[in-house]
Amino acid sequence: MGEIVWIGRYPVKSMLGEDLGDAVLAETGIDGDRRYALIDEQTGLVASAKNPRKWRGLLSMNARYDADGQVAITLADGTVVRHDDPAADRLLSRAVGRPVRLAATRPEGATLERLTPATEPSPGAMTHGSLAAGTPGDTFVDFAAVHVLTTATLDALARAHPRHAIDARRFRPNIVVRMHDDVPFAENTWPGRSLILGVQAAVHVVAPTPRCAVPTLAQGNGLPEDPDVLRTAARVNRVPVLDLGVLTCVGAYGMVRQGGHLRVGDRVTVTA
């Protein structure tokens, strides 16, 4: 057993997001999470910082929902762009240096580019990957609806890191939990089991979360570049992931079995 200590959502893929005290968990994940993305008008690909050669600048932008329920994006220069602004695509294109459009629906067959990190086979290779294979709906999640991370795993990474500094925000989780047994990398043992969150929500864990280059990149929330973060994770936690082989993992992916209202402080139980 344990408790939720942090909840977050990222309204626009690869941009910074919002810390939440409470949230609605639906079949597609935290309500409002990864509902939007930039689409590269030249290639048709989804813009993602998984290809930092083109899109690392997305991590300097912050997306949130305003009081009207509209997505508002704060650019690095402080300009605020709302989804319903007729000039939104022009302003975002200027900010990223490429023609893009802000999409609220994932195009059929949508793909993104992924740079293979130095910790994995074929480092530096660029591959194309599909989105949301492990979740229903048309959100822009990488694979499954929810990404869960434990404080024990973060603490273990910090102990092994050369500067003993690990920030959960680098890994862009939806839910951070503190488990009472405090076992590092317990997420590796969760696939096939369920997390009961709060009163009624249930998440079926599918797989450990393979890591891309994103945790190493600088973020506009004050996190500098940190190439050691993946090197550290690769030293201490490489595990089999589905049919993908042995990969560097931090956290776990889950499918929502039952939705509900989540709050920081809610109880977490791992079932058999």
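Note that this is a predicted model, so its numbers are computed, not measured.

**Observations regarding the nonpolar core**
As a rule of thumb, soluble globular proteins bury nonpolar side chains together.
So, step 1. Counting 23 residues, the largest nonpolar core has L25, W190, L197 and L262 as the members making the most contacts within it.
So, step 2. Elements represented by at least two residues in this core include exactly β1 (2–9), β3 (22–26), β12 (146–150), β13 (175–179), β14 (194–197), β15 (201–210) and β17 (246–258).
So, step 3. Residues contacting L262, with those up to four places away along its chain left out, are I4, I7, G21, D22, A23, L25, I30, I175, L197 and A201.
So, step 4. Counting residues in hydrophobic clusters, the runner-up holds 21 residues, among them L58, V71, A87 and L91.

**Some details on the side chain of E18**
So, step 1. Among the structural elements, E18 can be located in strand β2 (residues 18–20).
So, step 2. At 2.7 Å, the side chain of E18 forms a polar contact with the side chain of R9.
So, step 3. Engagement of the side chain of E18 in a polar contact is seen with the backbone nitrogen of Y65, the distance being 3.2 Å.
So, step 4. Ignoring anything within four residues of it in the chain, the contact list for E18 reads I7, G8, R9, P11, A63, R64 and Y65.

**A look at the environment of R238**
So, step 1. Tracing the backbone through its elements, the reader meets R238 in strand β16 (residues 238–240).
So, step 2. Through-space distance from the C-alpha of R238 to that of R267 is 29 Å; in sequence the pair is 29 residues apart.
So, step 3. Residue contacts for R238: discarding those within four places in its chain leaves T119, E120, P121, A233, V246, L247 and T248.
So, step 4. A distance of 3.0 Å separates the side chain of R238 from the backbone oxygen of T119, its partner in a polar contact.
So, step 5. Here the side chain of R238 touches E120 through a polar contact of 3.1 Å, side chain to side chain.

**Regarding helix α3 (residues 151–160)**
So, step 1. Counted residue by residue, α3 has seven buried out of 10 residues, so it is predominantly covered.
So, step 2. Contacts from the buried residues of α3 go to β1, β12, β13, α4 (228–236) and β17.

**Some thoughts on the sheet that holds strand β7 (residues 71–74)**
So, step 1. Spatial strand order, β6-β7-β8: three strands in an open sheet with antiparallel pairing. This sheet does not close on itself; its edge strands, each paired only once, are β6 (62–65) and β8 (80–82). Looking at each pair of strands side by side, their axes are set apart by 25° on average, direction ignored.
So, step 2. Sheet topology places β6 next to β7; four bridges connect them, and they run antiparallel. Looking at the pairing, Y65 lines up with V71 of β7.

What counts and what doesn't
- Residues numbered from 1 in each chain as written.
- Predicted model: local features only at pLDDT ≥ 70, side-chain atom pairs only at ≥ 80, totals over all residues.
- Heavy atoms only, no water.
- Core = buried A, V, L, I, M, F, W, Y, C linked by side-chain atoms within 4.5 Å.
- Buried < 20%, exposed > 50% of the residue type's maximum accessible area, 1.4 Å probe, protein only.
- Helix = DSSP H or I, 4+ residues; strand = E, 2+ residues; numbered from the N terminus.
- Contact = heavy atoms within 4.5 Å.
- Polar contact = N/O pair within 3.5 Å; in protein donor to acceptor, adjacent residues only side chain to side chain.
- Pairing = 2+ DSSP bridges.
- Axes fitted to C-alpha atoms, helices over the stretch in contact; angles between N-to-C directions.

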